[in-house]
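Examining the three-dimensional arrangement
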Amino acid sequence: QKSLSRVFNDPPTEVTLTVLAAFGVMLLAEGTVLEVSGVLAVVTLGLTMAAKGKFFISSCSVEVVEHFWSMLGYLANTVIFFVSGLIVAARAASDPSLLGSSLWRAVVLWILLHAVRAIMLFVLW
C-alpha cells in the first residue's frame, strides 16, 4: 500500500510505468513462447488503457501522460515519413528512369490529396 501511494500523483513515475508497460507487453508477446504480434499486443494494451486504464492513472498525471504519448506519436510519425522520403530519394537517384515515369503521378496525387483535404475542411469545419 505505501509503495503504491508513492507512485500515485507522481507524473514522471506514471509516464515511466506506461512506457515500461508498452515495452513489457512487446517483449512478452514477441520474446516468449507466445509468438504473437508485438505490435498488436501494444495496440491492445493501448485500447485497454484507454477504456479501463484511466482509473489507474491519477487525475493530476492524466494530462502529462497524454501529452507524452502525443509527442512520442508525433516524433515517431515524423521519423517514419523522413526515413520513407530518404528511401524513395535513394531509389530515384539510383534509377533515373523511375523518377521520370512516376513524377507526373506524384504531382497529380499531391494535387488530388490537397483538393480532398480542402473539401473535407470545408465540409467538416
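Up top you'll find the structure we're talking about.
Note that the coordinates shown come from a computational prediction; the quantities given were computed from them, not determined experimentally.

Turning next to a nonpolar patch on the surface. Where nonpolar side chains cluster on the molecular surface, the patch consists of Leu109, Leu112, Leu113, Val116, Ile119, Met120, Val123 and Leu124 and spans about 810 Å² of accessible area. Relative to the helices and strands, leucine 124 resides in helix α5 (residues 96-124). Looking at leucine 124, the relative accessible area reads 66%, which means it is exposed.

This part covers the layout of surface pockets. Which parts of space are left empty comes out when a probe the size of a water molecule is rolled across the atoms. Of the volumes computed, that of the largest pocket is approximately 500 Å³. Contributing elements (two or more residues each) for the lining of the largest pocket: α2 (11-30), α3 (38-51) and α4 (62-94). Counting residues per element, the lining of the largest pocket draws most heavily on α3, at 7 residues. Per-class residue counts for the lining of the largest pocket are 12 nonpolar, 2 polar and 2 charged.

With that settled, the discussion passes to α3. Because an α-helix packs 3.6 residues into every turn, residues spaced three or four apart end up facing the same way. For α3, which comprises 14 residues, the first-to-last C-alpha distance of 20 Å matches the rise-based estimate of 20 Å (1.5 Å per residue) to within 8%. Its side-chain oxygen at 3.4 Å from the backbone nitrogen of valine 39, serine 37 defines the N-terminal cap of α3.

A separate point is the side chain of serine 58. Its location among the elements puts serine 58 in the loop between α3 and α4. A polar side-chain atom of serine 58 sits 3.0 Å from a polar atom in the side chain of serine 61. Those residues in contact with serine 58 that lie beyond four places of it in its chain are Phe8, Asn9 and Glu14.

What follows covers the packing of α2 against α3. Remark: α2 packs on α3, axes separated minimally by 8 Å, with the N-to-C direction vectors making an angle of 140°. In terms of orientation, α2 lies oblique with respect to α3. Seen from above, α2 lies across α3 with right-handed handedness. Here Ala21, Ala22, Val25, Met26, Ala29 and Glu30 of α2 come into contact with α3, specifically with Gly38, Val39, Ala41, Val42 and Leu45. A per-class count over the contact of α2 with α3 returns 9 nonpolar, 1 polar and 1 charged.

Turning our eyes to something else, we now look at unusual backbone geometry. Although it is not a glycine, glutamate 35 adopts a positive phi angle of roughly 50°. Mapped onto the elements, glutamate 35 comes out in the loop between α2 and α3. Residue classification places glutamate 35 among the exposed residues on the basis of a relative accessible area of 68%.

Calculation rules
- Residues numbered from 1 in each chain as written.
- Predicted model: local features only at pLDDT ≥ 70, side-chain atom pairs only at ≥ 80, totals over all residues.
- Heavy atoms only, no water.
- Patch = residues over 30% accessible without salt bridge, like charges linked within 9 Å, V, L, I, M, F, W, Y side chains within 5 Å.
- Areas by Shrake-Rupley, 256 points an atom, 1.4 Å probe, with all protein chains shown as cover.
- Salt bridge = Lys/Arg side-chain N within 4 Å of Asp/Glu carboxyl O.
- Helix = DSSP H or I, 4+ residues; strand = E, 2+ residues; numbered from the N terminus.
- Buried < 20%, exposed > 50% of the residue type's maximum accessible area, 1.4 Å probe, protein only.
- 1 Å grid on protein atoms, 1.4 Å probe; cavity = no way out; pocket = protein on both sides within 12 Å on 5 of 7 lines; lining within 4 Å.
- Points joined across faces, edges and corners; volume = space filled by probe spheres on them.
- Nonpolar A, V, L, I, M, F, W, Y, C, P; charged D, E, K, R; others polar.
- Expected span 1.5 Å × (residues − 1).
- Polar contact = N/O pair within 3.5 Å; in protein donor to acceptor, adjacent residues only side chain to side chain.
- Contact = heavy atoms within 4.5 Å.
- Axes fitted to C-alpha atoms, helices over the stretch in contact; angles between N-to-C directions.
- Parallel < 35°, antiparallel > 145°, perpendicular 65-115°, else oblique.
- Left-handed = near helix turned anticlockwise from the far one by under 90°.

Such coordinate-based values are descriptive only and should not be taken to indicate function.
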